[in-house]
Amino acid sequence: MSFTYFQTFPLVVCHAEFKVGDDNGWIVPSSNDTNFYNKWASGNRFKVTDTLRFSYKKDSVMVVSKDDYENCVSSHPKFFSNADSTIYILNKPGLFYFISGVSGHCEKGLKMIVKVLDSDSPPADHVANNTSTSHNDNSGASLKTMASLGLTVLSSFLGFGLEF
């Protein structure tokens, strides 16, 4: 009788932290770039358990409904923070609607829609091949790419395959 020995390894869950707006942070965009944050968000790939870091001064960040986002209504937020630096965990797949709670800032473009993919969604080719956006360094995507590469190397070294 022969036995096969299988060694088990703990499951490693990786997530990325994205700095909203890159070096700009969470500020009212210039009047000629009011879609800045949606362009930034569309240039990134967000998954469940990833985090968003909002850095701001004398402002706030809120998660609101789609209707409140479209109308810049801040009276019934699902989430609110005004702590100058906020980390928000993307805890489920779907769309998240973020706005500033400071009067007039949302109307000036301080708002953003983030699409979160399920954790087991396959990665898009453009994330692995493009680690920067047109407006700034996309360090969040770079970190995710490096983590995927590191896990691929680790899995090859240990003799089992992982798919990303």
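- As recorded in an unreviewed UniProt entry, the chain goes by the name Phytocyanin domain-containing protein, listed as coming from Heracleum sosnowskyi.
- According to UniProt, the comment filed for the chain under the heading Sequence similarities (unreviewed entry) is "Belongs to the early nodulin-like (ENODL) family."

**A short note on the pattern of salt bridges**
Point 1. This model, assessed by the stated rule, comprises two salt bridges.
Point 2. Between Arg53 and Glu17 there is a salt bridge, with its nearest N and O atoms 2.9 Å apart. Of this pair, Arg53 sits in strand 3 (residues 51–55) while Glu17 is found in strand 1 (residues 17–19), placing the two residues 36 residues apart along the sequence.
Point 3. For Glu17, a relative accessible area of 33% gives the class partly exposed.
Point 4. Its salt-bridge partner being Asp33, residue Lys39 comes within 2.6 Å of it at the nearest N-O pair.
Point 5. Given a relative accessible area of 43%, Lys39 falls into the partly exposed group.

**Remarks on the nonpolar core**
Point 1. With 23 residues, the main nonpolar core has Trp26, Leu52, Phe54, Phe98, Met112 and Val114 as its most contacted residues.
Point 2. Residue assignment for this core shows that the elements contributing at least two residues are helix 1 (36–42), strand 3, strand 4 (61–64), strand 7 (94–99) and strand 8 (111–117).
Point 3. Per-element tally for this core: the top contributor is helix 1, with four residues.
Point 4. Counting seven residues, the second largest nonpolar core, distinct from the first, contains Met62, Val64, Cys72 and Cys106.

**Quick look at the state of the cysteines**
Point 1. Enumeration according to the criterion identifies one disulfide in this entry.
Point 2. Disulfide pairing is shown between Cys72 and Cys106; the S-S distance is 2.1 Å. The disulfide joining Cys72 to Cys106 has a torsion of about -70° about its S-S bond and is therefore left-handed. Residue Cys72 is located in the loop between helix 2 (66–71) and strand 5 (79–81), and its partner Cys106 is located in the loop between strand 7 and strand 8; the two are separated by 34 residues in the primary sequence. No difference in accessibility class separates Cys72 from Cys106, as the two residues are buried.

**Re the environment of Asp23**
Point 1. Here Asp23 lies in the loop between strand 1 and helix 1.
Point 2. With relative accessibility at 63%, the residue Asp23 sits in the exposed group.

**Details of the environment of Pro77**
Point 1. Positionally, Pro77 belongs in the loop between helix 2 and strand 5.
Point 2. A sequence separation of 13 residues divides Pro77 from Val64, and the C-alpha atoms of the two residues are 4.8 Å apart.
Point 3. Leaving out residues up to four positions away in the same chain, Pro77 has contacts with Met62, Val63 and Val64.

**Things to note about the sheet that holds strand 2 (residues 46–47)**
Within a beta sheet, neighbouring strands are joined by backbone hydrogen bonds and run either parallel or antiparallel to one another.
Point 1. An order of 2-8-7-4-5 is seen for the five strands of this open sheet, with the pairing classed as mixed. The open sheet has two free edges, formed respectively by strand 2 and strand 5, since each of these has just one partner strand.
Point 2. Bridging between strand 4 and strand 7 involves three bridges; their strand directions are antiparallel. Along strand 7, the bridge assignment pairs Val63 with Phe98.

The rules behind the values
Residues numbered from 1 in each chain as written. Predicted model: local features only at pLDDT ≥ 70, side-chain atom pairs only at ≥ 80, totals over all residues. Heavy atoms only, no water. UniProt positions renumbered as here; feature names shortened; annotations may be inferred. Salt bridge = Lys/Arg side-chain N within 4 Å of Asp/Glu carboxyl O. Helix = DSSP H or I, 4+ residues; strand = E, 2+ residues; numbered from the N terminus. Buried < 20%, exposed > 50% of the residue type's maximum accessible area, 1.4 Å probe, protein only. Core = buried A, V, L, I, M, F, W, Y, C linked by side-chain atoms within 4.5 Å. Disulfide = S-S within 2.5 Å. Contact = heavy atoms within 4.5 Å. Pairing = 2+ DSSP bridges.

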